[in-house]
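# Residue-level structure breakdown
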Amino acid sequence: MTKHQLVTHDGELLEAPLASYLETLGATQWSSKYQVVAIMGPQSSGKSTLMNHVFGTDFQMMDESRGRSQTTKGVWLAKSPKDNAYGPTLVMDLEGTDGRERGEDDTKFEKQSSLFAMATADTLLVNIWCHDIGRENASGKPLLKTIFQVILKIFNPKKTTLLFVIRDKTSKTPMDALVRDMRTDLQSIWRSVTKPSKFERRSFDDFFTLEFTSLPHYEYAHDQFIEEGNALYGRFADPNRRDTLCPVADGSNVPANGLVVSLRETWNAVVGDKDLDLPAHKVMVATVRCEEIAGAKLATMCEGRELASLTSSVAPDGAVAAPGLGLKLAAHAIIALRGYDDEAQYFDESVRVAKRDELRTRLVHALKPIAQTHLKHVGEKLVRRLRNAMAASKDSFAFVSAGATKEAREEWANAVADAVPDDDSLLLPGQTLGDAGGVDSEGDQSDLDTWRAVADRVTDDFEKLLAACVADERKTRVGDATRACERTMERAVGSQVTGLIEDPPEDLWERLDAVLATSARRHCKALHDALKGFEPGADESTAAAAAMATRVREVVEAKTRDAAEKAVELMKTAFARVFSKDSRGLPRTWKATDDVAAANRRAQREAVRVLGLLAVSRLGKDSGGTPGSKRTEHDAETQARRQDAINAALSTFVQEPDIDDDLPNPDEDVTKPPRPELPTEWVGEDENAVMLTPQECRSAWRKFEADTAYAVSQALAAREAAARGGAPAAPAWMIAALLITGFDEAMWLLRNPITLLFLVATGLFLRAMYNNMDVETAMRMGVVPGLMFLATKVVPTAMAILKKLWEEGAMMHGIQPVGSGTGSGAAGPAAGANANAAGGDASIAAGGEKERVFAPSVSGEGVRVREKGE
Ligand SMILES: Nc1nc2c(ncn2[C@@H]2O[C@H](COP(=O)(O)OP(=O)(O)O)[C@@H](O)[C@H]2O)c(=O)[nH]1
Ligand SMILES: [Mg+2]
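Per an unreviewed UniProt entry, the chain carries the name Protein ROOT HAIR DEFECTIVE 3 homolog and comes from Micromonas pusilla. We quote the UniProt Subcellular location (unreviewed entry) comment for the chain here in full: "Endoplasmic reticulum membrane".

Set out below in structure tokens:
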């Protein structure tokens, strides 16, 4: 195809065919050194004929024999096939201006095509009939007027070259005269054009470079026409001739690979009746094209198979197929940039460089995920290793964290250097990143897409991971140190509190407050020392101290609550302290003169006191080591008053003796003052401070009473036995065992068949020993001589008893099977006269009956042992 219709008769620019036409011409490979020539002139003035003969094109010419209406329509484009020293020459043939085809008044297309030709062509040929020059109604005049009108719509810093081709010139008229007349004509046409005021005083010479040439008659002087036509071509083909018509190769041309965009945009501006600012138009074309080129290069890179395989080579363990990821990434970007540089080289420099920078950032943006993913894996691996190293090390935290992080940072720096390309490798020669500036390729992205920024960002993330890892380790170690301090504190405070509560003094709560305050101080200090190595901030220290103080308080509170739960045990201990020891603190042996009931009451009062101390916690509200937290006197008074009320309420548990106890009064119940009621709650006490409600106190008391009743009854029995001169009903060890173990545990011991058998056997044996040795007779001699006397008798007596048992066992063997009878059989003869007492023991052993058995005698003493559940 040697010619191409650029604009149709209907005024439509055919872009896609144009692009493919230029491509077949190889225009995309042209440098910006090419020229465009266009021709204008009246219809059938021989324009196509001229262009075909001068430039060797094949535009359609009118064939006289087929009628005159057959003329060029729209705008056509062809490349001159002739050799040209300047560069490729594109020729535009325009539809003639005559109006016959389009109608007399319709000059729209003429104006549009003139403007288009003037804006796009380097040289504009204007066909003029020689005989029209100097004539008032010359056919070319409307066209010239149009040219002068539209030139005002174009801003072109360079003058447009107009080459007037005077056709059908005869040798008669000299060229000088024709040119002079032509100028006169142009002058008058210029004057007739209405101009904006700013152009009022301007000559058309300011806008145009005028050139004149002539050609002889095409038919009458054909050979000469051909010759002169060729000669004319010489002016377009040799830029070094003095009369050259080649454009000045100043790079102001739109590069050939921007020609499609340029022609399209020019035509759109022309059709839209817009003014044409050629430099701006050029920048616009450059912008559009550079963007297109950049987009194409980016797409080529992104869709390339090499990049896909590089992406998949980034493994989650932080290893890449081969080291040098940064170099590979840079290579991809450089290939794309080189391609861009190559294609965009003839476009406006500022646009080209700006768009290159943009492409560079877009390339980084497209490539960075590969480096980021890889470095993320590396970072995670390093942090994992750091975590393990720190956890495994027994060295001090500061030492470990400094050493391990230094190592991790070094490895990280190496990994970054390997995986992130150098920005400089993507810059133009002589360009620096600072000059290049940042082009925000995404718009919403606040960071610049430079490799430096990518490296900084991933390093920031890595540092965060590192910091979090170190903080975790620190937290673990601080936690361990704190817990160790807490455990020490718990042991120390726990034992202090327990020690106090086991034998609670009257000022128990004041003492506990003191323990709380001193412990808080001491252990806060200890914790502070323990955490020194972690260089805690002021806030952290304060918080740790506060937590420790709270913990101390919690321990004290927990221990006191534990004590309250074990109130029965503590009451029993208190009871035993008073009941089973005499005034000198020695274990008591009940004598006939002892008042068991009074001792019981004293011991019970002691138990009540303990219960009262445990009913409500009176730990100071904030005596956690904070200075000035001493209780106010008013508080102390209130507390004392409330405590008195509790003690008073609880003291009703203890049965005080009636005044006329000795004389049983049938109206006793009527005359006795009513017993004060136990309150349903401790009035005025803080709910949280209450450890034992009145009801809980009552049930504790019942348990306590049940557990101690047997001890009391045994004491009574012992005293009675002492009064009768007999042996105590129950040995002292039994009372002690009961007080210590509690009734239930004693009963367990007794109910266990093997233990029971053993106990019975041991008991019977001891009793036999007791009787055989005649202890009581011996004791009447006095304690020391009696004991010495008895000591001499222990071994012979034991031997005698065992011998007797052996003989009786041998005698009965075969008659009576060995079993339950063995015990009674063995004990029977040994028990002798004390069978009564043995029967008493047996009844204890039977269990459960003891309260009923002894109740009458206890009542007789004025001590009422209540049944369980009363
Ligand atoms: N008188 C004269 N006629 C010419 C000349 N060149 C071409 N013609 C004739 O003018 C007619 C129109 O030619 P064409 O090139 O189609 O004119 P266009 O419409 O301006 O392109 C044809 O019949 C040509 O033979 C010329 O130099 N002088
Ligand atoms: Mg034509």
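Looking only at helices and strands, one finds 29 helices and 9 strands in the chain. Counting over 870 residues, the chain shows a buried share of 43%. In the chain, of all internal contacts separated by at least 6 residues, the share reaching a separation of at least 24 is 76%. As displayed, the chain has an accessible area near 45,600 Å², and 55% of this comes from carbon and sulfur atoms.

The next point concerns the UniProt feature "binding site: GTP" (unreviewed entry) in the chain. Those places that UniProt annotates as "binding site: GTP" (unreviewed entry) correspond, in this numbering, to G41, P42, Q43, S44, S45, G46, K47 and S48. Examined against the element boundaries, S45 turns out to sit in the loop between β2 (35-40) and α2 (47-55). Apart from residues no more than four positions distant in its own chain, S45 is found in contact with N127, W129 and R167. A polar atom in the side chain of S45 sits 2.7 Å from the backbone oxygen of P42. By the element assignment, K47 lies in helix α2. If sequence neighbours within four positions are ignored, K47 has contacts with I39, M40, G41, P42, D93, L94, E95, G96, N127 and R167.

Among the 16 residues in the neighbourhood of ligand 1, the closest are listed as S44, T49, M62, E64 and D168. Measuring from an oxygen atom of ligand 1, one finds a backbone N or O atom of G46 at 2.9 Å. Y218 places a polar main-chain atom, nitrogen or oxygen, 3.3 Å from an oxygen atom of ligand 1. When the free accessible area of ligand 1 is taken as 580 Å², the share hidden by the protein chains comes to 91%. No other element matches α2, which puts 3 residues into the shell around ligand 1. Considering only residue class, the shell around ligand 1 consists of 5 nonpolar, 6 polar and 5 charged.

Quick look at unusual backbone geometry now. At S44, a residue that is not glycine, the phi angle is positive and equals roughly 55°. Positive phi values are uncommon outside glycine, yet D273 reaches one of about 55°. Its place among the elements puts D273 in the loop between α7 (259-271) and β9 (276-277). Under the relative-accessibility criterion, D273 is labelled exposed at 55%.

Our focus in this paragraph is the pattern of salt bridges. For side chains of opposite charge, pairing can occur when their charged atoms come near one another. A full pass over the atoms with the stated rule returns 43 salt bridges. Here E15 and R264 are joined by a salt bridge, their closest N and O atoms 2.7 Å apart. Here E15, found in helix α1 (residues 15-25), pairs with R264, found in helix α7; they are 249 residues apart in sequence, far enough to count as distant. With relative accessibility at 31%, the residue E15 sits in the partly exposed group.

Counting residues in each nonpolar core, the largest one holds 199 residues, and the members touching the most others are L6, I147, F164 and F208. Among the elements that make up this core, the one with the highest residue count is helix α14 (residues 451-502) (16 residues). The contacts of L6, once residues within four sequence positions are left out, are E12, L13, L14, L18, V75, W76, L77, M92, F116 and L263. With 7 residues, the next largest nonpolar core counts M773, L790, A798 and I801 among its residues.

What follows covers the side chain of R264. Judged by relative accessible area, R264 falls into the buried class, the value being 18%. Of note is the side chain of R264, whose polar atom sits 2.7 Å from the side chain of E15.

Time to look at the pairing of β2. With respect to burial, β2 is a largely interior element, 6 of its 6 residues being buried. Side chains of β2 alternate between two faces, with Q35, V37 and I39 and V36, A38 and M40 buried alike. Taken together, the 5 bridges between β2 and strand β4 (residues 89-94) define a ladder with parallel strand orientation. Bridge pairing links Q35 to T89 in β4.

Next up on the list: the environment of E265. Note on placement: E265 falls in helix α7. It is 8.1 Å that separates the C-alpha atoms of E265 and H281, two residues lying 16 residues apart in sequence.

On to the pairing of strand β8 (residues 208-214). Counting buried positions along β8 yields 5 of 7 residues, so the element is predominantly enclosed. Where strand β7 (residues 160-167) and β8 come together, 7 bridges link them in parallel fashion. Looking across to β8, one finds that L163 is bridged to E211.

The next thing to look at is the packing of aromatic side chains. Tallying each qualifying case throughout the model produces 20 aromatic pairs. For the ring pair W30 and Y34, a centre distance of 5.9 Å and an interplane angle of 45° mean the geometry is tilted. When its relative accessible area of 11% is taken as the criterion, W30 is described as buried. Taking the centre distance of 5.0 Å and the plane angle of 70° together, the rings of Y218 and F225 count as edge-to-face. Its relative accessible area of 26% is what places Y218 among the partly exposed residues. A connected cluster of aromatic rings, assembled from ring pairs, spans F148, W190, F199, F204, F207 and F208. Just above the ring of Y233 sits the side chain of K82; from NZ or CZ to the centre is 4.8 Å.

Our next topic: the sheet that holds strand β3 (residues 75-79). Pairing is mixed across the open sheet formed by 7 strands, whose spatial order is β1-β3-β4-β2-β5-β7-β8. The outermost strands of the open sheet, each flanked by one partner alone, are β1 (3-7) and β8. Here the strands of the sheet are splayed against their neighbours by 25° on average, with no regard to which way each runs. Contacts between helix α3 (residues 108-120) and the sheet are confined to β1, β2, β3, β4, β5 (123-129), β7 and β8, with β4 contributing the most and set at about 170° to the helix.

Two packed helices can be described by the angle between their axes and the distance between those axes. Taken N-terminus to C-terminus, the directions of α1 and α7 make an angle of 150°; their axes are 10 Å apart at the nearest point. When the axis of α1 is compared with that of α7, the two are roughly antiparallel. The handedness of the crossing between α1 and α7 comes out as right-handed. Judged by residue contacts, E15, L18, A19 and L22 of α1 engage L259, V260, L263 and R264 from α7. Considering only residue class, the contact of α1 with α7 consists of 6 nonpolar, no polar and 2 charged.

Calculation rules
Starting from 1, residues in each chain are numbered consecutively following that chain's sequence as written. The order in which chains are written sets their letters, starting at A; the order in which ligands are written sets their numbers, starting at 1. Local features in this predicted model are restricted to residues of pLDDT 70 or higher, and side-chain atom pairs are both shown and tallied only at a pLDDT of 80 or more, whereas totals for entire chains, interfaces and linings draw on every residue. Water and hydrogen atoms play no part in the side-chain values, which are based on all heavy atoms of the structure. UniProt positions are given in the numbering used here, feature names are shortened, and annotations may be inferred rather than shown by experiment. Working definition: helices are DSSP H or I runs of at least four residues, strands are E runs of at least two. Numbering for both runs from the N terminus. Only protein chains enter the area calculation, which uses a 1.4 Å probe; residues under 20% of their type maximum are buried, those over 50% are exposed, and those in between are partly exposed. Should any heavy atoms of two residues lie within 4.5 Å, those residues are considered in contact. Surface exposure here means Shrake-Rupley accessible area, sampled with a 1.4 Å probe, where a residue is shielded only by the protein chains that are shown. Any pair of nitrogen or oxygen atoms within 3.5 Å is treated as a polar contact; in protein, a donor-acceptor pairing is required on top of that, and neighbouring residues in sequence qualify only through side-chain atoms on both sides. Nearness is judged by heavy atoms alone; a residue qualifies as near a molecule or strand once a single heavy atom is within 4 Å of it. Residue type decides the class: Asp, Glu, Lys and Arg count as charged, Ala, Val, Leu, Ile, Met, Phe, Trp, Tyr, Cys and Pro as nonpolar, and the leftover types, Gly among them, as polar. Criterion for a salt bridge: a side-chain nitrogen of Lys or Arg within 4 Å of a carboxyl oxygen of Asp or Glu. By nonpolar core is meant a set of buried Ala, Val, Leu, Ile, Met, Phe, Trp, Tyr and Cys residues that side-chain atoms within 4.5 Å join together. Two strands form a pair only when DSSP identifies at least two bridges running between them. For Phe, Tyr and Trp, where Trp contributes only its six-membered ring, two rings pair if their centres lie within 6.5 Å, and the inter-plane angle classes them as stacked under 30 degrees, edge-to-face over 60, or tilted in between. In this analysis the charged atom, NZ for Lys or CZ for Arg, is taken to sit over a ring once it is within 6 Å of the ring centre and within 35 degrees of the ring normal. Comment: axis = line fitted to C-alpha atoms, over the contacting stretch for helices; angle = value between 0 and 180 degrees taken between N-to-C directions. Here the angle decides the label: under 35 degrees means roughly parallel, over 145 means roughly antiparallel, 65 to 115 means roughly perpendicular, and every other value means oblique. Left-handed is the label given to a crossing in which the near helix is rotated counterclockwise from the far helix by less than a right angle, and right-handed is the label when the rotation is clockwise.

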